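Single-letter residue listing:
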Amino acid sequence: EDNVIWKIELPELSASTPIIWGDRIFLNVAKGDGLYLWCVNRNTSDTFWVRSLGGGNVYMRKQNMSSPSPVTDGKNVYVITGTGSLKGYDFEGHQIWARDIQQDYGKFGLNHGYASSPLLFEDSLYIQVLHGMTTDDPSDIMRIDKKTGKTLWRVERPTDAIRESPDSYSTPALL
């Protein structure tokens with residue numbers, strides 16, 4: 001209660017980390033079956049806009065489909081959900097492009113659900129496509145053009161892991 005300037009109630013739990021750019025806070029939010037990207041005024045808590053990222057929200061153990069965090073370059077914001085919905089928006093909330101990663105590359109097969117956030121570097125997003133223990137499909141990492149949403153390349157992540165060991169929940173890192 002001390003030193004709180006404002007607070008807003010979220011409709012449901014989310015493991016997504018809010019991100020801030022200037023006077024805007026972006027966060028991935030779940031509400032019932034729906035998944036949303038919120039843009040909130042950092043100074044007043046007023047909502048600039050809310051955009052639907054699609055349906056299919058479910059709880060998988062300790063998280064739901066709003067767990068991945070958005071990323072921004074200061075002009076646009078990019079977000080993926082645990083259902084594989086990947087979208088780009090400008091700061092006014094206009095959709096630039098949209099993809100369905102599971103439709104393009106197969107169902108996620110992770111024991112605890114997809115929670116990997118995109119990595120933004122220069123002109124690209126780096127996204128993990130993780131198939132995990134409940135499928136035989138290979139996992140890989142993709143480089144996606146941030147302007148168009150098109151895949152520039154994919155590299156398979158080979159593994160001999162068994163049972164839950166092929167699962168991964170981390171965000172890609174540039175080293």
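Higher on the page you've got the structure.
An account of the accompanying structure is given in this report.

Procedures and definitions
Residues numbered from 1 in each chain as written. Predicted model: local features only at pLDDT ≥ 70, side-chain atom pairs only at ≥ 80, totals over all residues. Heavy atoms only, no water. Pairing = 2+ DSSP bridges. Helix = DSSP H or I, 4+ residues; strand = E, 2+ residues; numbered from the N terminus. Axes fitted to C-alpha atoms, helices over the stretch in contact; angles between N-to-C directions. Buried < 20%, exposed > 50% of the residue type's maximum accessible area, 1.4 Å probe, protein only. Phe/Tyr/Trp six-rings, centres within 6.5 Å; stacked < 30°, edge-to-face > 60°.

**Considering the sheet that holds strand β3 (residues 34–41)**
The strands that make up a sheet pair up through hydrogen bonds in the backbone, lying either parallel or antiparallel. Overall, antiparallel pairing links the four strands, which are arranged β1-β2-β3-β4 in an open sheet. Pairing within the sheet leaves two strands with one partner each, and these edge strands are β1 (19–21) and β4 (47–54). Each adjacent strand pair in this sheet contributes to an overall mean axis angle of 25 degrees, direction not counted. Bridge count for β1 against strand β2 (residues 24–31) is three bridges, and the pairing is antiparallel. Looking at the pairing, Ile 19 lines up with Phe 26 of β2.

**A closer look at the pairing of strand β9 (residues 85–90)**
Among the six residues in β9, five count as buried, and that is most of the element. Pairing analysis gives five bridges linking strand β8 (residues 76–80) to β9, with the strands arranged antiparallel. Each bridged residue has a counterpart across the sheet, and for Val 79 the counterpart in β9 is Lys 87. The hairpin turn running from β8 into β9, its antiparallel successor, is four residues long, and Gly 84 in that turn takes a positive phi close to 95 degrees. Pairing geometry for β9 and strand β10 (residues 95–100), over five bridges, is antiparallel. When the sheet's bridge partners are listed, Leu 86 is paired in β10 with Arg 99. What sits between β9 and β10 in their antiparallel hairpin is a turn of four residues, with Gly 93 showing a positive phi close to 90 degrees.

**Describing the packing of aromatic side chains**
Counted by the stated rule, this structure contains six aromatic pairs. Their ring planes at 25 degrees and their centres at 6.1 Å tell us that Tyr 78 and Trp 97 sit as a pair that is stacked. Within this pair, whereas Tyr 78 is found in strand β8, its partner Trp 97 is found in strand β10, the two being separated by 19 residues in sequence. With 4.4 Å between their ring centres and 15 degrees between their planes, Phe 108 and Tyr 114 make a pair best called stacked. The residues Phe 108 and Tyr 114 share a single accessibility class, namely buried. Taken together through their ring pairs, the aromatic side chains of Phe 26, Trp 49, Tyr 89 and Phe 91 make up a single cluster.

Geometric values such as these leave the question of function open.
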